[in-house]
Amino acid sequence: MIFDGFWVLLGVKLLALTVVVIGGSLVIIYAELKVGAHMQNRVGPYYAGVRWGWAQPLADAVKFLQKEDLVPADADTKVFKAAPMVSLMGTMAVFVIVPFSPKLIVRDLDLGIFYALAASSLGTLAMLMAGWSSANKFSLMGGLRAAAQLIAYELPMVLAVVGVVIQAGTLSMVQIVDAQVALGLPYVIGGQAVGFFIFVTASLAELSRTPFDMPIAESELVSGYMTEYSGIRFTMFYLAEYAGLFAAAAIASTLFLGGYHFPGLDVEVWGPFVLLAKVGALAFLMIWFRWTWPRLREDQLQSFAWRWLVPLALANIVVTAVLKVAL
Amino acid sequence: MSSGGGRVLHSEARVSVELQTPEMTLNIGPQHPSTHGVLRLVAKVDGERIDSVEPVVGYMHRGYEKLAEVRTYPQVTALLNRIDWTAGLANEVPFIIAAERLMGVEAPPRAQYLRIMLTEMFRISAHLLFLSSYPLELGASTPLMYALREREHVLDLIEGVTGGRFHPNFNRIGGVKPAAGGGKGQRTVVQDLPEGFLEGTRRAMAKVSAVCDDMEALVRGNEIFQQRTKGVGIIPAEKALEYGVSGPNLRGSGVRFDLRKVEAHLPYDRFDFEIPVGENGDCFDRYVVRLEEIRQAARIVVQAVDGIPDGPLRAKVPRVIKVPKGECYVRAENPKGEMGYYLVSTGGRGPYRVKIRSASFSNISVLPWLLEGVLVPDIIAILGSLDFVLGDVDR
Amino acid sequence: MSPSESRLRDLISDVCPSAVWREELGTAKLSIARSDWVEAHRALKSRFPFFSWLSAIDWAAEVAVGDAPEMEEGEQMVERFEVLSRISDVSDGDGLILSTDVPKEDACVDSLTGVYAGADWHEREAAEMFGIDFIGHPNLVGLYLPDGFVGHPLRKSYALLSREVKPWPGDVDVEPREGDG
């Protein structure tokens, strides 16, 4: 039974997925360090990796792995230890439905994007667990801020996706790409520009990146809910953040930018590279925002979500639905 | 929250609204990334809102007023540098001028121009430090790099003249430190400023003005920055005057007052510069005032470079400095605000009593009033905008 | 009598007629009686709204640190605390130092916090440094010194431990002066 074809294939797929996700996260971490450095007139990582510094993320990972496993005395140990694992698993679960090409996908679920949105909200739970179990007032405040922020921005994200789903007529990721191919335009030009803007903004907030990084506001709460974590647990949070960035960029590319398809290129051969290029472009955008803007205050963040993004997303759905029926 | 038929019990709903959550006492500092040093704020917090704040200072109290009584006049300036360490020379100048007034000595014009030039360069350095650290506290990390890069030019120039980047110890009774060499019998003119100093200063001031223009677009015009700072931490002018808030903080509240235009201790009246004034007294205005002040200070430095007269750097004073009996108060416009020294001399080798009026001490005495009812993230915005250093607060 | 002095005289004449005015070296100083301390400030507040600082001087003939004050022939030092406050305006920069003498045996004076809110912290510092009591201050606890500190540091009788161990070397400037060769 253990050598049944299905299980072997599943094992291979998951292994490949893990390698791709971790590898991709390390690349994005390196890009953040280097791109950010050049934007600030600095050089960035230099020594680890023959003057280009490409080995810096690896060096950081090794450094974290050999650190002492600290758990604060007053902490709720079980919850404290579980929080980073929940965070990382929630993010990796999203990758099950990311299509690198029509065949290179762990499983093209019919529920596709709905599953992804559900899995990604596990991260909220992990933040709360971390903030509460750390027995540290600053961590608690960070965890509460994070929970409030993530819940607020979950809604515009889902609503923006609904617009795409209405236009494509399906929840499956591969079929959404097919719908864009049939239309001849990626949805960002073909009617979902507003949806794209809302999705990217809401993803930035879900990932707690500047300008929405109140939960880990370094200058105020030291590191927010992550303050008491060190060593391998911190690495898991750190990887989860960048894996989440990869996931958000990958989903945005598939839903709005046409995914693995590029006119003139054979999807079977070039598909993954096209998708990775689009992911790279979006990741660059997100990194650019982080180094340029200050952060919004918590209540400004909330009011932005509830008073602007949600009504805008609802209007987007109405317009999309009307146009879908009319055209 | 429903029972028997799915109705919400209104009594239950009311209980959850009136739930009393106990106040949390939050200790901000003394070790904290944003408190500019060892300042401790004991805040009683209700959720994200502050009920009351009690600042606890004194972690850096070095007893300067007592120490000054055990120093000779030339030795005191080495202490005074370190009060407001971002402003170096500007700390020494009022004290030296007070001692000079009691002695009846006046510094030669070249020394006075140098004093003004270095004071303004330290003002630029201190405000650039503010420009770099304030957006960082709000989350933007890039202005830090841009502003500090230009600050290096200014600090290098200061080091070339005085020998120190932060603690120049350059003032002497009767002028500034004269150049080494030129001993008895020599008639040659000693080069008292480093080679290329004047030209290098002009170039550095151009770069400083350029980075101010960068900041206009990057920070001042940024909507998120404006949202975080406009309307936050408003200090009305009357409150500012009562608490003794001075410098850019006072000017941000709309009071057009600058000691450089009013006091006669240095010949600022020969220079052409403006005083930027804010409107509302919020954090944004205080930021803008400091940004403009850098430009005005650069103007003054360029005029000083163009007009610096020749002459000795120090007036003739006796070998052993003896200041006659008397009392004198001299104040000057420090980058942080009004800095003054009340010097009491009874003829000894050192001062009998020096009262140091430091700007940041008065600036943060307004915090208990200002921070009431404010949100926690706004504390950081407000503390940063007051731009204080703990050395100035604690002396 | 200068114009500024005569204007000030008008302001405070009914409050403290016995005030002594002295102006030298650019510093104007008004000495008033201890009982008139708060009233004089209240009368002057509209003219000088900016509260700069408040502190004290310990006048003593014997000092534990530094040099003792030089006295003229036959002059006697009156041992007392002199409480000083500085207020100024923000239009043309006029300022005034008010001073009052406080006897050492009865070291107390009324608090100015009712007139200028900013006097709060200054009075706390003066209280812990000199041991002067400010009557009516809402919260006269120490500001700088750690808990359990004994003594009042800025009093002339307070000795510095390092100077007990090693006397003050005095004028030992390392820098050569002009004309030294």
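Please refer to the structure placed before this passage.
Everything numeric in this text was worked out from a predicted model, so none of it was measured. (Residues numbered from 1 in each chain as written. Chains lettered and ligands numbered in written order. Predicted model: local features only at pLDDT ≥ 70, side-chain atom pairs only at ≥ 80, totals over all residues. Heavy atoms only, no water.)

Before going further, it helps to examine the interface of chain C and chain B. With 66 residues of chain C at the interface, the matching set in chain B holds 61 residues. At the boundary of chain C with chain B, total buried surface from both sides reaches about 5,400 Å², with 53% on carbon and sulfur atoms. Looking only at chain C, the three residues that lose the most surface to chain B are C:Leu25, C:Trp121 and C:Tyr144, adding up to 15% of its buried area. Between the two partners, chain C and chain B, sit 4 salt bridges. With a shortest N-O distance of 3.1 Å, C:Glu125 and B:Arg395 are connected by a salt bridge. (Contact = heavy atoms within 4.5 Å. Buried area = accessible area lost by both parts, 1.4 Å probe. Salt bridge = Lys/Arg side-chain N within 4 Å of Asp/Glu carboxyl O.)

Here the focus is the packing of aromatic side chains. In this description, a pair of aromatic rings is defined by centroid distance and the angle of the planes. All names here are of chain A. Summed over all chains, the structure comprises 32 aromatic pairs over all chains. Aromatic side chains Tyr238 and Tyr242 sit 5.4 Å apart centroid to centroid with 80° between the ring planes, which places their arrangement in the edge-to-face category. Remark: Tyr242 and Tyr238 occur in helix α10 (residues 231-256); sequence separation between them is 4 residues, near one turn of the helix. Accessibility expressed as a relative area gives 25% for Tyr238, which makes it partly exposed. With relative accessibility at 4%, the residue Tyr242 sits in the buried group. (Phe/Tyr/Trp six-rings, centres within 6.5 Å; stacked < 30°, edge-to-face > 60°. Helix = DSSP H or I, 4+ residues; strand = E, 2+ residues; numbered from the N terminus. Buried < 20%, exposed > 50% of the residue type's maximum accessible area, 1.4 Å probe, protein only.)

Residue-level contacts link 30 residues of chain B with 23 residues of chain A. Summing the contributions of chain B and of chain A, the shared interface buries around 2,400 Å²; its carbon and sulfur component is 59%. Contact with chain A buries area across many residues of chain B, yet B:Met145, B:Ile224 and B:Arg228 alone supply 19% of it, more than any other trio. Our count for the contact surface shared by chain B and chain A stands at 0 salt bridges. Taken together, chain B and chain A are joined by 9 residue pairs in polar contact (both at pLDDT 80 or more). (Polar contact = N/O pair within 3.5 Å; in protein donor to acceptor, adjacent residues only side chain to side chain.)

Quick look at helix α7 (residues 197-220) of chain B now. Given a rise of 1.5 Å per residue, 24 residues ought to cover 34 Å, and the 32 Å separating the end C-alpha atoms of α7(B) matches this to within 8%. Every buried residue of α7(B) is accounted for by B:Phe197, B:Gly200, B:Thr201, B:Ala204, B:Met205, B:Val208, B:Val211, B:Cys212, B:Met215, B:Leu218 and B:Val219. Close packing links the buried residues of α7(B) with α11 (267-292) of chain A together with α5 (109-138), α6 (142-162), α8 (223-229) and α12 (283-307) of chain B. (Expected span 1.5 Å × (residues − 1).)

Looking now at unusual backbone geometry. Despite not being glycine, A:Asn41 shows a phi value in the positive range, around 65°. Along the polypeptide, A:Asn41 turns up in the loop between α1 (5-39) and α2 (56-65).

Next up on the list: the sheet that holds strand β8 (residues 326-334) of chain B. Residue and element names in this part refer to chain B. Across the sheet, 3 strands lie side by side as β8-β9-β10; this open sheet has antiparallel pairing. This sheet does not close on itself; its edge strands, each paired only once, are β8 and β10 (353-357). Averaged over all pairs of adjacent strands, the angle between their axes in this sheet comes to 10°, without regard to strand direction. Here strand β9 (residues 337-345) pairs with β10 via 5 bridges, running antiparallel. Residue pairing in the sheet places Tyr342 in a bridge with Lys355 of β10. Across the sheet, helix α4 (residues 89-103) is in contact with β8, β9 and β10; its angle to β8 comes to roughly 150°. (Pairing = 2+ DSSP bridges. Axes fitted to C-alpha atoms, helices over the stretch in contact; angles between N-to-C directions.)

This brings us to the packing of helix α6 (residues 137-168) of chain A against helix α12 (residues 298-326) of chain A. At their nearest, the axes of α6(A) and α12(A) sit 9 Å apart, and the two run at 10° to each other. Comparing their axes, α12(A) and α6(A) come out roughly parallel. (Parallel < 35°, antiparallel > 145°, perpendicular 65-115°, else oblique.)

Turning our eyes to something else, we now look at a nonpolar patch on the surface. Taken together, the side chains of A:Phe262, A:Leu265, A:Val269, A:Trp270 and A:Phe273 define a hydrophobic patch exposed on the protein surface, amounting to about 510 Å² of accessible area. Judged by relative accessible area, A:Leu265 falls into the partly exposed class, the value being 33%. (Patch = residues over 30% accessible without salt bridge, like charges linked within 9 Å, V, L, I, M, F, W, Y side chains within 5 Å. Areas by Shrake-Rupley, 256 points an atom, 1.4 Å probe, with all protein chains shown as cover.)

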